[in-house]
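Structural overview for review
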Amino acid sequence: YRGIGKKGQSLLGKATVAIIGIGALGSTSAELLARAGIGKLILIDRDFVEESNLQRQHLFDESDIGQPKALKAKDHLLKINSTLTVHSHIDDLNFRTIDTLLKDADIIVDGTDNLETRHLINEYSMKHHVPWVYGSAISDKGFVGVFLGKQPCFRCFSATHPTQETCDTVGVLNSITTLIGSLQAQATIDLLLGKTTTPIIHINLHN
């Protein structure tokens, strides 16, 4: 692709991207970034693969059920790109672990599903000036946004877009999670290549 070229591909190959949450969004973005030639991925997820995950989490199949997501994602990603370096952490991202888990990251990709962790990522981003790519999907709707570690930040956005719905209560289409995860991967690549980032995008598949 001429928009990347050899110079851009070299930049991607030197980059380290942390993906927090290897669910629907995280597994999609991880796969695309691995295929794009990112040099190192840091995968953080404390959960295990469940049968219900297979509807939307592309990196996993039935043989992975009951296994740690972070480890199985690493296995699948290395089959896609054997030159990739993957550090997997079966761990919870919290105020005790965040500095250690994210210390090498050039960019953070949000694959989480809760507001508390996103605010924690935002605080880390603001403190260390590390950009992060926000993503959320529920039902047939989703958001993607880039926060650069300065004002305005995620707190500004979340204060004006509260929601009480969850995937457990209303469900989610695999088409919207795949779309949002793909846009997160592209936003990450654009950041690494020094391209202008897009504003927050809202997508509704049926409107």
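Residues numbered from 1 in each chain as written. Predicted model: local features only at pLDDT ≥ 70, side-chain atom pairs only at ≥ 80, totals over all residues. Heavy atoms only, no water.

1. With respect to the packing of aromatic side chains
Test applied: For this analysis, a ring pair means two rings from Phe, Tyr or Trp (six-membered ring only for Trp) whose centres lie within 6.5 Å, classed as stacked if their planes differ by under 30 degrees, edge-to-face if by over 60, and tilted for the remaining angles. Secondary structure follows DSSP: runs of H or I at least 4 residues long count as helices, runs of E at least 2 residues long count as strands, and numbering of each begins at the N terminus. The rule is simple: take the accessible area with a 1.4 Å probe, protein chains only, and divide by the maximum for that residue type; under 20% is buried, over 50% is exposed, in between is partly exposed.
Taken as a whole and judged by the stated rule, the model has 9 aromatic pairs. Seen from their ring centres, Phe 143 and Phe 157 are 5.3 Å apart, and the 75° between their planes marks the pair as edge-to-face. Here the residue Phe 143 occupies a position in strand β6 (residues 141-147), and Phe 157 occupies one in helix α6 (residues 154-160), the gap between them amounting to 14 residues. The same class applies to Phe 143 as to Phe 157, namely buried. Cluster of aromatic residues (ring-pair linked, three or more members): Trp 132, Tyr 134, Phe 143, Phe 147, Phe 154 and Phe 157.

2. Regarding the environment of Gly 145
Quick note on the threshold: Here, residues are in contact when the closest pair of their heavy atoms is within 4.5 Å.
Along the polypeptide, Gly 145 turns up in strand β6. Taking C-alpha positions, Gly 145 is 6.2 Å from Pro 199, a pair spaced 54 residues apart along the chain. Among residues more than four places away in sequence, those in contact with Gly 145 are Trp 132, Val 133, Tyr 134 and Ile 200.

3. Things to note about the pairing of strand β1 (residues 16-20)
Under the convention used in this document: Think of it this way: DSSP has to see at least two bridges between two strands before they count as a pair. Note on handedness: a crossover is taken as right-handed if, strands pointing away from the viewer, the path from the first strand over the helix to the second is clockwise.
Along β1, 5 of the 5 residues are buried, which leaves the element largely enclosed by surrounding structure. Going residue by residue along β1, you find Thr 16, Ala 18 and Ile 20 tucked away on one face and Val 17 and Ile 19 tucked away on the opposite face as well. Pairing geometry for β1 and strand β2 (residues 40-44), over 5 bridges, is parallel. The residue bridging Ile 20 from the neighbouring strand is Ile 44, located in β2. You can see the chain leave β1, run along helix α2 (residues 24-36) and come back into β2, and the turn it takes is right-handed. Alignment of β1 against strand β4 (residues 107-110), held across 4 bridges, turns out to be parallel.

4. Some remarks on the pairing of β4
Burial of the side chains of β4 extends over both faces: Ile 107 and Val 109 are buried on one face and Ile 108 and Asp 110 on the other. Relative to strand β5 (residues 132-138), β4 runs parallel, the two sharing 2 bridges. Each residue of the ladder has a partner; that of Val 109, found in β5, is Val 133. On the question of chirality, the crossover connecting β4 to the parallel β5 by way of helix α5 (residues 115-128) is right-handed.

5. Side note on the side chain of Thr 16
If you trace the backbone, Thr 16 turns up in strand β1. Judged by relative accessible area, Thr 16 falls into the buried class, the value being 9%. Not counting chain neighbours up to four residues away, the residues in contact with Thr 16 comprise Lys 40, Ile 42, Asp 104, Ala 105, Asp 106 and Ile 107.

6. Some thoughts on a nonpolar patch on the surface
Inclusion rule: Here, patches come from residues exposed beyond 30% relative accessible area and free of salt bridges, joined within 9 Å for like charges and within 5 Å for nonpolar side chains (Val, Leu, Ile, Met, Phe, Trp, Tyr). Each accessible area is a Shrake-Rupley estimate made with a 1.4 Å probe; only the visible protein chains count as cover when residues are assessed. Criterion for a salt bridge: a side-chain nitrogen of Lys or Arg within 4 Å of a carboxyl oxygen of Asp or Glu.
Among the surface-exposed residues, Phe 48, Leu 71 and Ile 90 lie close enough to one another that they form a single nonpolar patch of about 260 Å² accessible area. Tracing the chain through its elements places Ile 90 in the loop between β3 (85-89) and α4 (98-102).

7. A closer look at the side chain of Lys 69
Formally: This count recognises Lys and Arg as positive and Asp and Glu as negative, with His and chain-terminal groups excluded.
Here Lys 69 lies in helix α3 (residues 69-80). Asp 45 is the oppositely charged side chain nearest to the buried, salt-bridge-free Lys 69, at an N-O distance of 4.8 Å.

8. Let's talk about unusual backbone geometry
Residue His 129 is not a glycine yet carries a positive backbone phi of 60°. If you trace the backbone, His 129 turns up in the loop between α5 and β5. A positive phi angle is found at Ser 139, which is not glycine, with a value near 55°. The residue Ser 139 is located in the loop between β5 and β6 in this model.

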